[in-house]
Amino acid sequence: MKLHRLAFCLSLMGAYIAVAATTEPIQPIVAVRVEKPNLVELGKKLFFDPRLSKSGVISCNSCHNLSMGGSDNLTSSVGHLWKEGPINSPTVLNSSLSLAQFWDGRAKDLQAQAGGPIDNPGEMASTHRLAVEVLQSIPGYVAEFNAVFCEDRITIDEVTLAIAAFEKTLSTPNSRFDQWLMGNKKAISTEELAGYALFKSSACVACHDGPAAGGKSYQKMGLVTPYVTSNTAQGRVGVTHDEADRFKFKVPTLRNVELTYPYFHDGAAATLKDAVNTMGRIQLGKTFSDTESGQILAFLKTLTGEQPSFKLPLLPPSSDNTPRPQPFARK
Ligand code: HEC
Ligand code: HEC
């Protein structure tokens, strides 16, 4: 009888602890378990391989540099023939936690996204056919695709599946904030904690919540005060054709935000302090004092997690039959 009661109380306590851990609007990032290491390894090679671009110069990593928080730290990306892209490059870190991909959510998941840049004339400027032809001409890739997919012919779906599998491993657990969430009360300082309290009481968490501190919804940029920009992107309306979605963008993750400057879809906020003050003003109608924005800034920097760490992949060499890279515009 006593034992039963004890078991019952323990189960109640367990439930209580579980509830306590989830009452915070931001939850810890769970480390990813790699289930198909060969598929992930192949995806990693493809992510780093500039031969997926027409020029032979640009890889996914060019604009989503994993040594720099999975972004390029440019206002807008530089694509094929040094062309300026239309929009800021979001980080690929933790992107599997988002409800969809791209600022306007036009790709439903990572695999659907990965085909986009390869044949985007302003990015990698190849075609899916050419990219597959290049891979098919490289014996090392043929053998590796064969080992992973048990098929001789490489397809673009296999390419994007492998890239997506690799991207799913790009999570950043164990930030100081997550350590705090999991009970280590010394993991963040009094100032950082004050910043988190302010982040909650100012209602930043209304949009930046969940494990990614964002990525869960599309929201109007300039909810309270219109956002002024020369960038022509109109956001979610391009996908839904619903006027109510004009100038709504996917709420970006704030994980690793310290590393992914400059900020906003137009890259117009050069510093995190700019971004925080602008958010306060246009989303919430608030003007933060220097102390307050300093506290929020300190809190945001505790969201930097363990960065993906691995051996740089060695790419199999091209063969005599590999279509040659075309880095320059020829008359
Ligand atoms: C020339 C620069 C460039 C290259 C190369 C590039 N990207 Fe991107 N990437 C961007 C930009 C810019 C966006 C945002 C575009 C938009 O939202 O309209 C983006 C968006 C994404 C997103 C969505 C992230 C989010 O939070 O919405 C993912 C994932 C991604 N890219 C992965 C890749 C992969 C995989 C490759 C290689 C196959 C690649 N990118 C190549 C610039 C680039
Ligand atoms: C109504 C929803 C909403 C609220 C409230 C909100 N944000 Fe945002 N936040 C967004 C959206 C949407 C974006 C992206 C907008 C864009 O670039 O067009 C964004 C972008 C950001 C960025 C830039 C991230 C990046 O990678 O470009 C930061 C930093 C940020 N918010 C911090 C905050 C802070 C701090 C608060 C509270 C003071 C806050 N946000 C309140 C919706 C919101």
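Everything numeric in this text was worked out from a predicted model, so none of it was measured.

Visitor: Quick question: what am I supposed to make of helix H9 (residues 190-201) here?
Guide: Residue pairs three or four apart in sequence face the same way in an α-helix, which turns once every 3.6 residues. Here H9 spans 16 Å end to end across twelve residues, near enough to the 16 Å set by a 1.5 Å rise per residue. Along H9, the residues that are buried comprise Glu192, Gly195, Tyr196 and Phe199. Down the axis of H9, the buried set is contained in an arc of 100°. They therefore lie on one face. For H9, exposure combined with an orientation more than 90 degrees from the buried face picks out Thr190 and Ser201. Packed against the buried residues of H9 are helix H12 (290-301). Looking at the residues trailing H9, positive phi occurs at Ala203, about 75°.

Visitor: Explanation requested: the site of ligand 1 in the structure shown.
Guide: Close to ligand 1 lie 26 residues; Cys60, Cys63, Ser77, Phe102 and Pro117 are nearest. Taken together, the elements giving at least two residues each to the shell around ligand 1 come down to helix H3 (60-63), helix H4 (110-118) and helix H7 (156-168). The leading source of residues in the shell around ligand 1 is H4, at five residues. Residues belonging to the shell around ligand 1 are distributed by class as follows: 14 nonpolar, ten polar and two charged.

Visitor: How do you make sense of the confidence of the model for the protein chain when you look at a structure like this?
Guide: Low pLDDT means the predicted atomic positions in that stretch should not be read closely. Averaged over the protein chain, the pLDDT score is 94; the fraction of residues at 70 or greater is 93%. For the stretch residues 6-20, pLDDT sits under 50, and the model shows zero contacts to residues farther than four places along the chain or on other chains.

Calculation rules
Per chain, residue numbering runs from 1 following the sequence as it is written. Chain A is the first chain written and ligand 1 is the first ligand written, with later ones labelled in order. Local features in a predicted model are, by the rule used here, given only for residues with pLDDT of at least 70; side-chain atom pairs are given and counted only at 80 or more, and totals for whole chains, interfaces and linings are based on all residues. Going along the chain from the N terminus, every DSSP run of H or I of four or more residues is numbered as a helix, and every run of E of two or more is numbered as a strand. By this rule the span expected of a helix is its residue count minus one, scaled by 1.5 Å. Whether a residue is buried, exposed or partly exposed follows from its count of other C-beta atoms within 10 Å of its own C-beta, namely 20 or more, 12 or fewer, or something in between, respectively; the C-beta atoms are built from the backbone. Here, the arc refers to the directions that run from the helix axis to the C-beta atoms. Placing a C-beta atom from the backbone of each residue, one calls two residues in contact when those atoms lie within 7 Å. The criterion for a residue being near a molecule or strand is a backbone-placed C-beta atom within 6 Å of that molecule or strand. Residues are grouped as follows: Ala, Val, Leu, Ile, Met, Phe, Trp, Tyr, Cys and Pro are nonpolar; Asp, Glu, Lys and Arg are charged; every other residue, Gly included, is polar. Residue-level confidence of the predictor is what pLDDT reports, using numbers from 0 through 100.

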